[in-house]
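Observations on the model geometry
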Amino acid sequence: MRHVAVIGSGPAGYYTAEACQKAFGEAVRVDIIDRLPVPYGLIRTGVAPDHQSIKAVSKRYEATALSDNVRFVGNVTVGQDVSIAELLGLYDAVVLATGAPHDRPLGIPGDDLPGVVGSAAFVGWYNGHPDFAALAPALDGPGAVIVGAGNVALDVARILAKTEDEFAGSDIVGHALAALKPHGIRDITILARRGPHEIAMTPKELGELGHLRRATPLVDPADLPPADADAALEPGLRKSVSHLRAFAGNTPAAPLSIHFDFFAMPVAIEGDGKVERVIVERTRLDESGRATGTGETYAVPAGLVVSCIGYRTPPIEGVPYDAKQGRFANAEGRIAPGLYAVGWARRGPTGTIGTNRPDGFLIADQIAADTPADSAKQGRAGLDALLAARGTDIVTFRDWQGIERAEIANARTGAPREKFTSLDAMLAARE
Ligand code: NAP
């Protein structure tokens, strides 16, 4: 028997558990530990609420969670309720699947003004993450600036642009829907520091902007490279750029515009006690394809700035950390004897949900090679004894199913659920 502790119950965590089941069959026990009383990490609080088909992958994780050799241990914070050193003493393998929940800082003057938020906070707010339920973003408008040319920037633009009716069938939380309903934003500007050929936006997500009821996406035709240059792009990017070319044919239409501002790098955020404008420097691409400032600047009025420029994994005391990359220092997932990283905590915040699956299998292979098949470790019995002695209130998967039933029962008409947004409410909803 091998004992494995996975820290984090998002996609990387569940794919690791699934891979361990496949690799070791009945001869493994996996504990998936999460600081929240609810599972699924980014599936619950990162994937956009109007992308229910992507969220449906949690059904697959549920099948893993319900098998006898895998269990969910919620409401347990590693580093607080139990240390990494203690877990290494109890389990043959400890796998950090903690994701990358912290925003990369913009690092420009004024980025701490009220009205400037990172995408982790903003996305967490509309998705009901307890850490961000009280965010109250500035939605008075009329301008909003989104920094970054990735899929998170598109998520944020779409959520700001949708009408209440367009949220039908989504699980956007009630507090966000109520705040977004009457908002005064009329101009959303997406600042991309490079050009249309350098975006990190995928075609499906970009195409969605073209079907919004009250918002028109706009691209300045002068920013587009000659059409024949698209032939050299890989097919996905070529399709994305074809959406941008279509948007370049749009004309501004009330009530809401989404401007793509290419070759545009924010250099300062200004305002009297709160954000009022973003100072943007025009860029061009240097020989290595990087954005370099031209010295030409202009101001974009904005009451809200959402920076969507990527994420970082928070360090854990005692675990080797690569500060430049913002993730755990690791070689193919191995951090130290018995300690591993998967998913965004291993390779940084890139790829789709499915990219985490091979990661899980890689780590299961490493665990098979590194650990004895017949362990002398205590595993879950040891963890239970330790947490019981500390009075930690563990949330089980059955508890979560009770919480989920209550969320489904609380749903507004047409919505799949109304998420609890505080730890107390989650814990109280256990049956
Ligand atoms: P991302 O894809 O890495 O995009 C980050 C963007 O921020 C890039 O355009 C980058 O520009 C820009 N950027 C970085 N630093 C900047 C700075 N200092 N100033 C201005 N711009 C800056 O990150 P993401 O959008 O957070 O997405 C993370 C991952 O989740 C991606 O793999 C994404 O595809 C995935 N995701 C998928 C979906 C979906 O499939 N529906 C939804 C959301 C997220 P440069 O290219 O110039 O560095």
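Up top you'll find the structure we're talking about.
A look at the overall build of the protein chain
- Within the protein chain one finds 15 helices and 19 strands.
- Whereas a compact globule of 431 residues would reach a radius of gyration of roughly 22 Å, the protein chain reaches 23 Å, a difference of no more than 12%.
- Projecting the C-alpha coordinates of the protein chain onto the three principal axes gives extents of approximately 65 × 50 × 40 Å.
- The buried share of the protein chain, taken over its 431 residues, is 54%.
- A sequence separation of at least 24 residues applies to 75% of the contacts in the protein chain between residues at least 6 apart.
- Of the roughly 17,700 Å² that the protein chain leaves accessible, carbon and sulfur atoms contribute 54%.
- Treating the 43 positive side-chain charges of the protein chain as one cloud and the 52 negative ones as another, the clouds have centres 3 Å apart.

Structural notes on the site of the ligand
- In the neighbourhood of the ligand, 21 residues make up the surrounding shell, with Ala149, Asn151, Arg193, Arg194 and Gly351 lying closest.
- Contacts to the ligand include asparagine 151, whose side-chain N or O atom sits 2.9 Å from an oxygen atom.
- Contact distances for the ligand include 3.0 Å between a nitrogen atom and a side-chain N or O atom of glutamate 205.
- With the chains in place, 79% of the 910 Å² that the ligand exposes on its own is no longer accessible.
- In terms of residue count, helix H7 (residues 151-161) provides more of the shell around the ligand than any other element does, 3 residues in total.
- Here the residues of the shell around the ligand are counted per class, giving 9 nonpolar, 7 polar and 5 charged.

Describing the environment of glycine 79
- Within the secondary structure, glycine 79 sits in the loop between strand S3 (70-73) and helix H5 (84-90).
- Sequence-wise, glycine 79 and isoleucine 269 are 190 residues apart; in three dimensions their C-alpha atoms are separated by 36 Å.

Digging into helix H10 (residues 235-247)
- If you check H10, its first and last C-alpha atoms are 19 Å apart, about what 13 residues at 1.5 Å a residue would give, namely 18 Å.
- For H10, the secondary structure elements touched by its buried residues are helix H9 (203-209), strand S9 (215-219) and strand S10 (256-261).
- Structurally, the start of H10 carries an N-cap: the backbone nitrogen of glycine 236 is 3.0 Å from a side-chain oxygen of glutamate 234.

Here we look at the pattern of salt bridges
- Within this structure, the stated rule accounts for 30 salt bridges.
- The residue aspartate 230 makes a salt bridge to arginine 245 at a minimum N-O spacing of 2.6 Å. One end of the pair, aspartate 230, is in the loop between S9 and H10; the other, arginine 245, is in helix H10, with 15 residues separating them in the sequence.
- Residue classification places arginine 245 among the partly exposed positions, given a relative accessible area of 24%.
- One salt-bridge network, held together by shared partners, links Asp50, Asp155, Arg158, Lys162, Lys204, Glu205 and Glu208.

Quick word on the packing of helix H1 (residues 11-24) against helix H4 (residues 58-65)
- The contact between H1 and H4 brings their axes to 10 Å, and the two run at 45°. With respect to H4, the axis of H1 lies oblique. In terms of crossing hand, the pair formed by H1 and H4 is left-handed. Contact residues: Pro11, Tyr14, Tyr15, Ala17, Glu18 and Gln21 in H1; Arg60, Tyr61, Thr64 and Ala65 in H4.
- Split into classes, the residues belonging to the contact of H1 with H4 amount to 6 nonpolar, 2 polar and 2 charged.

Brief notes about the nonpolar core
- Ranked by size, the top nonpolar core spans 48 residues in total, and within it Leu160, Ile258 and Phe260 carry the most contacts.
- Here this core gets 7 residues from one element, more than from any other, and that element is H7.
- If sequence neighbours within four positions are ignored, isoleucine 258 has contacts with Ala157, Ala161, Ile188, Ile190, Leu209, Leu212, Ala215, Thr216, Pro217 and Leu218.
- Listed in part, the 37 residues of the second largest apolar core include Ile43, Val70, Val342 and Ile353.

Description of the packing of H1 against helix H12 (residues 356-370)
- Here H1 crosses H12 at 45°, and the two axes come no closer than 7 Å. In terms of axis orientation, H1 runs oblique to H12. Crossing geometry of H1 relative to H12 is assigned as right-handed. Across the interface between the two elements, Pro11, Ala12, Tyr15, Thr16, Glu18, Ala19, Cys20, Lys22, Ala23 and Phe24 from H1 touch Asn356, Arg357, Gly360, Phe361, Ile363, Ala364, Ile367 and Ala368 from H12.
- In terms of residue class, the contact of H1 with H12 is made up of 12 nonpolar, 3 polar and 3 charged.

As for the layout of surface pockets
- Empty space within the second largest pocket amounts to approximately 240 Å³.
- Along the wall of the second largest pocket there are 17 residues; nearest its centre are Tyr40, Lys55, Ser58, Glu404 and Arg417.
- Listing elements by their share of the lining of the second largest pocket, those giving two or more residues are helix H2 (41-45), helix H3 (52-55), H4 and helix H14 (397-409).
- A total of 4 residues in the lining of the second largest pocket trace back to one element, the largest contributor, which is H14.

Quick look at the sheet that holds strand S12 (residues 277-285)
- Strand order in the open sheet formed by 3 strands is S11-S12-S13, with antiparallel pairing between adjacent strands. Two strands in the sheet have a free side with no partner beyond their single neighbour: strand S11 (264-270) and strand S13 (291-301). Taking the axes of each pair of neighbouring strands and ignoring which way they run, one obtains an average angle of 25° across the sheet.

Regarding the pairing of S11
- S11 sits mainly inside the fold: 5 of its 7 residues count as buried.
- Bridge count between S11 and S12: 6 bridges; the pairing is antiparallel. Among the inter-strand pairings, alanine 264 is bridged to a residue of S12, identified as arginine 282.
- Counting the residues between successive antiparallel strands, the hairpin from S11 to S12 contains 6 residues, one of them, glycine 273, with a positive phi of roughly 80°.

What counts and how
Residues numbered from 1 in each chain as written. Predicted model: local features only at pLDDT ≥ 70, side-chain atom pairs only at ≥ 80, totals over all residues. Heavy atoms only, no water. Helix = DSSP H or I, 4+ residues; strand = E, 2+ residues; numbered from the N terminus. Rg over C-alpha atoms; globule rule 2.2 N^0.38 Å. Buried < 20%, exposed > 50% of the residue type's maximum accessible area, 1.4 Å probe, protein only. Contact = heavy atoms within 4.5 Å. Areas by Shrake-Rupley, 256 points an atom, 1.4 Å probe, with all protein chains shown as cover. Lys, Arg positive; Asp, Glu negative; His and termini not counted. Charge placed at Lys NZ, Arg CZ, Asp CG, Glu CD. Near = heavy atom within 4 Å. Polar contact = N/O pair within 3.5 Å; in protein donor to acceptor, adjacent residues only side chain to side chain. Nonpolar A, V, L, I, M, F, W, Y, C, P; charged D, E, K, R; others polar. Expected span 1.5 Å × (residues − 1). Salt bridge = Lys/Arg side-chain N within 4 Å of Asp/Glu carboxyl O. Axes fitted to C-alpha atoms, helices over the stretch in contact; angles between N-to-C directions. Parallel < 35°, antiparallel > 145°, perpendicular 65-115°, else oblique. Left-handed = near helix turned anticlockwise from the far one by under 90°. Core = buried A, V, L, I, M, F, W, Y, C linked by side-chain atoms within 4.5 Å. 1 Å grid on protein atoms, 1.4 Å probe; cavity = no way out; pocket = protein on both sides within 12 Å on 5 of 7 lines; lining within 4 Å. Points joined across faces, edges and corners; volume = space filled by probe spheres on them. Pairing = 2+ DSSP bridges.

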